[in-house]
Amino acid sequence: MLNVKKRQEYLKYLGFYKGKIDGIEGKQTKKAYLDLQKKYFPKDECDGIYGHNTEILLIDAYRVKKYTKNFKLEEFKCECNGKYCTRYPAELSITLLKNLQKSRDHLAVPMSITSGIRCPRWNTKVGGASFSKHKLGKAVDFVSSKTKTFSE
């Protein structure tokens, strides 16, 4: 788990924390947790408490902002939309994000993520493979005007 100082650094980088990076989990830090949750989690998951799910969310939000310039965290959320998970059930791979940005730069056109992170239940519901890397934050599906989709 990230220590409080690192959490504050990430929250500040994302614009949720305005205080001093001091490693103290005070009122401003707890408010930043809640503000982060309110932006990305379903309402019933917002409690301002820093736990496992908030840790994954914070890491994902930080990584998307740091390693991509054309993507937003919301594009990677689980499409169960909060029915089975918090929308961000796995840490996004830094390598995936860097490669996705390289692909975007190479194509030089907007790309749309059609499937990002998947919680296990959603993966099963959409017929995903049991070993799908979507469940691990290591795969995405995307389309652009320069890519083709294949269907039956």
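Predicted model only: the values in this text are computed from it and were never measured.

Participant: Honestly, the pattern of salt bridges in this entry has me stumped. Any pointers?
Facilitator: One side chain can pair with another of opposite charge once the charged atoms of both are near each other. Counted by the stated rule, this structure contains six salt bridges. Between arginine 7 and glutamate 25 there is a salt bridge; the shortest N-O distance is 3.1 Å. Here glutamate 25 lies in the loop between helix H1 (4-14) and helix H2 (27-40) and arginine 7 lies in helix H1, a separation of 18 residues in the sequence. Under the relative-accessibility criterion, arginine 7 is labelled buried at 8%. Aspartate 35 is paired through a salt bridge with lysine 31; the nearest N and O atoms lie 2.7 Å apart.

Participant: Explain the side chain of serine 93 here, please?
Facilitator: With respect to the helices and strands, serine 93 occurs in the loop between helix H3 (52-67) and helix H4 (94-107). When its relative accessible area of 17% is taken as the criterion, serine 93 is described as buried. Among the polar contacts made by the side chain of serine 93, one reaches the main-chain amide nitrogen of leucine 96 at a distance of 3.1 Å. Among all residues touching serine 93, those that are not within four sequence positions of it are Arg63, Gly137 and Lys138.

Participant: Sorry if this is basic, but what is going on with the side chain of serine 144 here?
Facilitator: Topologically, serine 144 is positioned in strand E2 (residues 141-144). At a separation of 3.0 Å, a polar atom in the side chain of serine 144 contacts the main-chain amide nitrogen of lysine 146.

Participant: Hey, could you run me through the state of the cysteines in this one?
Facilitator: Defined simply, a disulfide is a covalent bond joining two cysteines at their sulfur atoms. Across all of its chains, the model carries zero disulfides by this definition. Cysteine 85 supplies the cysteine sulfur nearest to cysteine 46, a cysteine that is in no disulfide, at a spacing of 13 Å. Note on cysteine 85: no disulfide assigned, nearest cysteine sulfur contributed by cysteine 80 at a separation of 3.6 Å.

Participant: How should I be thinking about unusual backbone geometry in this particular structure?
Facilitator: Of note in the backbone geometry, asparagine 81 takes a positive phi value of approximately 55° without being a glycine. Accessibility expressed as a relative area gives 41% for asparagine 81, which makes it partly exposed. Even without glycine at this site, arginine 87 takes up a positive phi of about 90°. With respect to the helices and strands, the residue arginine 87 is situated in the loop between H3 and H4. Judged by relative accessible area, which is 17%, arginine 87 ranks as buried.

Analysis parameters
Residues numbered from 1 in each chain as written. Predicted model: local features only at pLDDT ≥ 70, side-chain atom pairs only at ≥ 80, totals over all residues. Heavy atoms only, no water. Salt bridge = Lys/Arg side-chain N within 4 Å of Asp/Glu carboxyl O. Helix = DSSP H or I, 4+ residues; strand = E, 2+ residues; numbered from the N terminus. Buried < 20%, exposed > 50% of the residue type's maximum accessible area, 1.4 Å probe, protein only. Polar contact = N/O pair within 3.5 Å; in protein donor to acceptor, adjacent residues only side chain to side chain. Contact = heavy atoms within 4.5 Å. Disulfide = S-S within 2.5 Å.

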